[in-house]
Amino acid sequence: MTAAGIARLAGVGRAAVSNWRRRHADFPKPVGGTETSPAFALVEVEQWLRDQGKLAEVPLRERVWQQLSAHSAGAATALVYAGCVLLVVRERPTGWLELAAVSDERLADALPAALEEVLTARLGADRAVRTPPATDLALSVPLLRGTAELAAELGASQAFEFLLGRHLDANPRQYALTPPGPAELMATLAGPARTVLDPASGAGGLLRAVQHPEALYAQDADPELAALTALRLALHSDADIRAAVADTLRADAFPGLTADAVLCHPPFNERHWGHDELAYDPRWEYGFPARTESELAWVQHALARLRDGGTAVLLMPPAVASRRSGRRIRADLLRRGALRAVIALPAGAAPPYGIPLHLWVLCRPGAGRRPAPELLFVDTTGLVPDGGRDKLPWPAVQSAVLEAWQGGGEQPGVSRSVPVIELLDDDVDLAPARHLSAPAAGGSAADLAAVRERLDGALRRTMELTPPPAVPTRVTARTLTTVGELARAGALQLWAGGAGTSPTGGPVLTEHDVLSAGAPSGTLPDGPPEEPVLTEEGDVVVPVLGGGSVARVVDTATAGAALGRNLQLLRADRSAIDPWFLAGFLRGTANNRQASSYASTATRLDVRRLQVPRLPLADQRRYGERFRALAEFEDTLRLAGRLGEQLVRGMYDGLADGTVLPQ
């Protein structure tokens, strides 16, 4: 296991693990890995943590994950083995109990036959998941037994989701995933469907979002992903599952399929998609895509696999809507009524997170059907407030898209149906922002008057809260203690943020929220329940990256939110420490400088090294009142700044669009 795994076991930050290695000569020695990323033996780490009183018992899910991640065949292969066993547990629970009762050697010998039977029944004879031989399973028996125990605790599907989620999180650069929100939206746009295809299935997130299917078809060029998708879908749904391994454009595994719906998040900007060898492919009904237009090849593949009247929804890069090399294909898609909507999502909705991706909704024209006379444009990028993707209001985005798709009428700046004839010019530019009428950006005169009134009140309040002049005084020596020493003495508790999942999601206090003094804006990832760190009123939250001196005391409105990544939470014993006193001294610039590490490109704060003076509780509270007043002054200044920017922007826009007169 890595240092990150040890930190997760003990519920501390990675900096604490580094300190243990330096300060304790008996800390387990690395057994693998590299000098910068060493690996340790799980059993040795467990024993050391117990001896130090830092661990009572390793949670089952953590033990199974560590066994899986350290598997000699690789985590992905081990996850496939675990998924196969979970499928047996789900489909043949009694049979698994009989298998599990025998010795490890006999279990490894008996498993292949049981797996072959279940895999064939659920995934077919020609499938992406191959039955592992007994020789490979022999090394995995402890992992497989632990996985079955985890299924008894969480359920087979949720156990696999937990392990798969951990694996994907541990390898973020290796996989391009479709987040649950956009996947659900795409499945909803496709409508009820009995048979659904994803020709670039990845980890299967799009097909998992489909409600009540009868048959799901998946194809991916990566054998590991195709196998994981097949197992994920078989564990999640009772539908007929068919998954294939091959390059979809060059070797279509389902050439005779006529699906009710196709959902696809294709690879973007591929130059070697098969342009040279596929020039005469019958799928190019709307024109042969240029070498630089791989996405339009995926669009036509999706249409070719639909029944007449079936719907396809594809996640696309925005350049596809306007590149000149694709204008003839776009024009033919419009003329024949195949393209029904182009929807711009905000940046941060799906990877790559830096650009606002588009959703294309298509319908395969059928005999006797008249082409749609209009194309729906939806632009949700304006629904995101300042602050970036950390504050992405996904429910509002989804509601706006579905309302427009279901015929909610034109919404200025958000949605509009445009006659196809107006789009068939020389460029056939289908970027939504170019076809939507702009709303009154500055707001009405009454809106601006309300903003001005709020700004006036905020400025008056800042005058009231401005601290009095500082009185010169002689600096006297203080007895200091560190946060680490206070934690060891039981005066406060310290937790690291970032862990935790929820079946329905939940509010998360993010690093951005702490820095901007905003409300919790993140959400917990979907998945099997994994207990997050929840904030309480009076907790002190400190960001650990960036080198800034910020500490926030949790108020009533923020209490109950989960603690996000790169945050540390300090929960003080109120009989010994005043939270505002603690937060105020933690913000000291010199204090942060001495507790920060500059060993890498990102400055990281070791919260345990931060210092506070030893003072009686009455003196702490006097300091705390002044720190609380300073925090209120800071918040009011921040509000005045936001209102001032809003008023200035509104006045500029109002004068420019005519809603405000110069006088």
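Just above sits the structure.
All of these numbers come straight from a predicted model, not from anything done at the bench.

Regarding the packing of aromatic side chains
Working step 1: Applying the stated criterion to the full structure yields 11 aromatic pairs.
Working step 2: An angle of 85 degrees between the planes, with centres 5.8 Å apart, marks the rings of F27 and F40 as edge-to-face. Of the two residues, F27 is situated in the loop between α2 (14-23) and β1 (32-33) and F40 in the loop between β2 (38-39) and α3 (42-51); the sequence distance between them amounts to 13 residues.
Working step 3: By relative accessible area, F27 is classed as buried at 4%.
Working step 4: Between F27 and W48, the aromatic rings sit 4.8 Å apart at their centres with planes inclined by 70 degrees, giving edge-to-face as the arrangement. Taken together, the residues span a long stretch of sequence, with F27 in the loop between α2 and β1 and W48 in helix α3 at a distance of 21 residues.
Working step 5: Each member of the aromatic cluster is reached from another via a ring pair, and the members are W20, F27, F40 and W48.

Focus: helix α21 (residues 579-586)
Working step 1: Counted residue by residue, α21 has eight buried out of eight residues, so it is predominantly covered.
Working step 2: Where α21 is concerned, the buried positions are P579, W580, F581, L582, A583, G584, F585 and L586.
Working step 3: For α21, the side-chain oxygen to backbone nitrogen distance between the N-cap and W580 is 3.2 Å, and the N-cap itself is D578.

Let's talk about helix α18 (residues 445-465)
Working step 1: An ideal rise of 1.5 Å per residue puts 30 Å on 21 residues; α18 measures up with 30 Å between its terminal C-alpha atoms.
Working step 2: Buried within α18 we find L448, V451, L455, A458, T462 and L465. The buried residues of α18 occupy an angular sector of 105 degrees when the element is viewed end-on, so they sit on one face. Set apart from the buried face of α18 by more than 90 degrees, the exposed residues are A445, A446, R452, E453, R460, M463 and E464.
Working step 3: Next to the buried residues of α18 lie α23 (617-657).

With respect to the packing of helix α10 (residues 156-170) against helix α13 (residues 223-236)
Working step 1: Look at α10 against α13: their axes get within 8 Å of each other, and the N-to-C directions meet at 150 degrees. It follows that α10 is roughly antiparallel to α13 by the angle criterion. You can see that α10 and α13 cross each other, and the crossing is left-handed. Contacts from A156, S157, F160, E161 and L164 of α10 reach α13 at L228, L231, R232, L235 and H236.
Working step 2: Broken down by class, the residue content of the contact of α10 with α13 amounts to six nonpolar, two polar and two charged.

With respect to the pattern of salt bridges
Working step 1: Scanning the entire structure with this criterion turns up 39 salt bridges.
Working step 2: Measuring nitrogen to oxygen at the nearest pair gives 2.6 Å for the salt bridge that ties R461 to E632. With R461 in helix α18 and E632 in helix α23, the pair connects residues that are 171 residues apart, well separated along the chain.
Working step 3: R461 sits in the partly exposed class, given a relative accessible area of 32%.
Working step 4: According to the relative accessible area criterion, E632 is partly exposed, its value standing at 36%.
Working step 5: Here the salt bridges do not stand alone but share partners, grouping E285, D308, D332, R336 and R364 into one network.

So, the sheet that holds strand β11 (residues 415-419)
Working step 1: Across the sheet, which stays open at both edges, the nine strands sit in the order β5-β4-β3-β6-β7-β9-β8-β10-β11 with mixed pairing between neighbours. At either margin of the open sheet sits one strand with a lone partner, and together these are β5 (240-245) and β11. Neighbour-to-neighbour, the strand axes of the sheet open up by a mean angle of 15 degrees, direction not taken into account.

Side note on the side chain of T248
Working step 1: You can see T248 is positioned in the loop between β5 and β6 (259-264).
Working step 2: A polar atom in the side chain of T248 sits 2.5 Å from the backbone oxygen of P199.
Working step 3: The contact partners of T248, leaving out residues within four places of it in the chain, are P199, Q219, R283, W298 and H301.

Overview of the sheet that holds strand β15 (residues 522-523)
Working step 1: The sheet built from three strands is open, its strands ordered β15-β14-β18 with mixed pairing. Of all strands in the sheet, those bounded by a partner on one side alone are β15 and β18 (562-563).
Working step 2: Bridge count for strand β14 (residues 507-509) against β18 is two bridges, and the pairing is parallel. Paired with L509 across the bridge in β18 is L563.

Rules and cut-offs
- Residues numbered from 1 in each chain as written.
- Predicted model: local features only at pLDDT ≥ 70, side-chain atom pairs only at ≥ 80, totals over all residues.
- Heavy atoms only, no water.
- Phe/Tyr/Trp six-rings, centres within 6.5 Å; stacked < 30°, edge-to-face > 60°.
- Helix = DSSP H or I, 4+ residues; strand = E, 2+ residues; numbered from the N terminus.
- Buried < 20%, exposed > 50% of the residue type's maximum accessible area, 1.4 Å probe, protein only.
- Polar contact = N/O pair within 3.5 Å; in protein donor to acceptor, adjacent residues only side chain to side chain.
- Expected span 1.5 Å × (residues − 1).
- Arc of directions from axis to C-beta.
- Contact = heavy atoms within 4.5 Å.
- Axes fitted to C-alpha atoms, helices over the stretch in contact; angles between N-to-C directions.
- Parallel < 35°, antiparallel > 145°, perpendicular 65-115°, else oblique.
- Left-handed = near helix turned anticlockwise from the far one by under 90°.
- Nonpolar A, V, L, I, M, F, W, Y, C, P; charged D, E, K, R; others polar.
- Salt bridge = Lys/Arg side-chain N within 4 Å of Asp/Glu carboxyl O.
- Pairing = 2+ DSSP bridges.

That is the geometry; function is a separate question.
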